[in-house]
Amino acid sequence: MRTVLITGASRGIGAACAKEFAANGYRVAIHYHNSEEKVRLLCGELMTAGCEVMTVKADVGNSAEVNRMVKEVEARFGKIDVLVNNAGIAMQKLFTDTTDEDWDKMIATDLSAVFYGCRAVAPMMIRDHSGCIINIASMWGEVGASCEVAYSAAKAGVIGLTKALAKELGPSGIRVNAVSPGVVMTDMMAGFSEEDVAALKEDTPLCTLGTPEDIAHAVVFLASDKARFITGQVLGTNGGMII
Ligand code: NAP
């Protein structure tokens, strides 16, 4: 049985990934930061469905906590076959209003966290000569978004990291890919008005916004053996919003 560790699995895209991996027979390590109650409910749901699960709490912007998180999962499940670096924050702000603290928090949570996660699992994956890492980027990391410069920079960094790491770890039997969502209806979209959401929908060729499940399907596919020849890729899941 394969084990997956998903960061930020308490809600949104991460929680949908946890359910989809569980439905595909994986043992699931659910990481969270503050949403303890949500994780308790999700865990109960997956256990009732017969899935082997564990929960682990960490601030992904802190390398010591990420190392401890990976050790906890390894101690309980023996290994990690798939790492999904999904936890993240968004920030809409004028570039000129962005403070050092804003920038540092964004880079720590959305970019350094991916580096810490990959570095923590790489030795065991190299040892096993197998493994798969999927990093959740964003279409704004591909094309840039006005008033989201820090977020776009962090996500562009995730894409660069993914491509470089795929080259470095490929010979060790490890695949590294990114999934790059468009607009997905989660808590992250809470700050957007109904008009903003309608406008985003109108700008999407498929005339609909994404669901967390849409992203989870892409992630589970990339983790599967059906994707055995795919590495270093950025899989756009955006309804055609950027092509
Ligand atoms: P969400 O619903 O806001 O959930 C964010 C998750 O990240 C939560 O599980 C949260 O944990 C965790 N998290 C945040 N800060 C953390 C920290 N410092 N340490 C550990 N965990 C932390 O977000 P989402 O929409 O599902 O987004 C998931 C990923 O997809 C993110 O990387 C995001 O950038 C990316 N994405 C989202 C969209 C979109 O439209 N929604 C589009 C493109 C890309 P707790 O709740 O436990 O605190």
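Residues numbered from 1 in each chain as written. Predicted model: local features only at pLDDT ≥ 70, side-chain atom pairs only at ≥ 80, totals over all residues. Heavy atoms only, no water.

### With respect to the overall build of the protein
Point 1. Of the regular secondary structure elements, the protein holds eight helices and seven strands.
Point 2. Sorting the 243 residues of the protein into buried and exposed places 51% on the buried side.
Point 3. In the protein, 73% of the contacts between residues at least 6 apart in sequence involve partners at least 24 apart.
Point 4. For the protein, the distance from the average position of its 22 positive side-chain charges to the average position of its 29 negative side-chain charges is 9 Å. (Helix = DSSP H or I, 4+ residues; strand = E, 2+ residues; numbered from the N terminus. Buried < 20%, exposed > 50% of the residue type's maximum accessible area, 1.4 Å probe, protein only. Contact = heavy atoms within 4.5 Å. Lys, Arg positive; Asp, Glu negative; His and termini not counted. Charge placed at Lys NZ, Arg CZ, Asp CG, Glu CD.)

### Examining the nonpolar core
Point 1. Ranked by internal contacts, the top residues of the largest apolar core, which has 41 residues, are L5, V70, V73, I80 and I133.
Point 2. Listing elements by their share of this core, those giving two or more residues are β3 (53-57), α3 (63-77), α4 (100-128), α6 (149-169) and β6 (174-181).
Point 3. Considering every element that reaches this core, the biggest residue donor is α4, with twelve residues.
Point 4. Beyond its immediate stretch of four places on either side in the chain, I133 contacts L83, N85, C118, V121, M125, L165, R175, V176 and N177.
Point 5. Listed in part, the 35 residues of the second largest apolar core include L46, C132, V220 and A227. (Core = buried A, V, L, I, M, F, W, Y, C linked by side-chain atoms within 4.5 Å.)

### Some thoughts on the environment of A178
Point 1. Here A178 lies in strand β6.
Point 2. On the accessibility criterion, A178 (0% relative accessible area) is buried.
Point 3. Linking A178 and N85, residues 93 residues apart in sequence, is a C-alpha distance of 9.3 Å.
Point 4. The residues touching A178, leaving out its near neighbours within four places in the chain, are N135, A137, T162, L222, Q233, V234 and L235.

### Quick word on α4
Point 1. Taking 1.5 Å per residue, 29 residues should reach 42 Å; α4 reaches 40 Å between its end C-alpha atoms and fits that length.
Point 2. Taking the largest bend as the criterion, α4 deviates by roughly 40 degrees, centred on S112.
Point 3. Just downstream of α4, H129 is the residue with a positive phi angle, here 50 degrees. (Expected span 1.5 Å × (residues − 1). Bend = angle between axes of the 7 residues up to and from the residue.)

### Overview of the environment of L169
Point 1. Within the secondary structure, L169 is located in helix α6.
Point 2. Here the alpha-carbon distance between L169 and A9, two residues 160 residues apart in the chain, equals 25 Å.
Point 3. Once residues lying within four places of it in the same chain are set aside, the contact partners of L169 are A122, I126, I174 and V176.

### Some words on the side chain of N135
Point 1. Turning to its location among the elements, N135 is positioned in strand β5 (residues 131-136).
Point 2. The class of N135 is buried, set by a relative accessible area of 0%.
Point 3. At 2.9 Å, the side chain of N135 forms a polar contact with the side chain of N85.
Point 4. Every residue in contact with N135, bar those within four places of it in the chain, is listed here: N85, V114, C118, V158, L161, T162, V176, N177, A178 and V179. (Polar contact = N/O pair within 3.5 Å; in protein donor to acceptor, adjacent residues only side chain to side chain.)

### Details of the sheet that holds strand β1 (residues 3-6)
Backbone hydrogen bonds hold the strands of a sheet together, and the pairing may be parallel or antiparallel.
Point 1. Pairing within the open sheet is parallel, and its seven strands lie in the order β3-β2-β1-β4-β5-β6-β7. Looking at the sheet topology across the chains shown, the edges are occupied by β3 and β7 (234-237). Within this sheet the neighbouring strands show an average axis-to-axis angle of 20 degrees, counted without direction.
Point 2. As judged from the four bridges shared by strand β4 (residues 82-85) and β5, these two strands associate in the parallel manner. Within the sheet, the bridge partner assigned to V82 lies in β5 and is C132. (Pairing = 2+ DSSP bridges. Axes fitted to C-alpha atoms, helices over the stretch in contact; angles between N-to-C directions.)

### Brief notes about the site of the ligand
Point 1. S10, R11, S35, Y151 and T186 are the nearest of the 31 residues found near the ligand.
Point 2. Take G8: an N or O atom from its main chain is 3.1 Å from an oxygen atom of the ligand.
Point 3. Y151 places a side-chain nitrogen or oxygen 2.7 Å from an oxygen atom of the ligand.
Point 4. Look at the ligand: alone it shows 900 Å² of surface, and the protein chains cover 94% of it.
Point 5. Contributing elements (two or more residues each) for the shell around the ligand: α1 (12-23), β2 (27-32) and α6.
Point 6. A breakdown of the residues in the shell around the ligand according to their chemical character gives 14 nonpolar, 13 polar and four charged. (Near = heavy atom within 4 Å. Areas by Shrake-Rupley, 256 points an atom, 1.4 Å probe, with all protein chains shown as cover. Nonpolar A, V, L, I, M, F, W, Y, C, P; charged D, E, K, R; others polar.)

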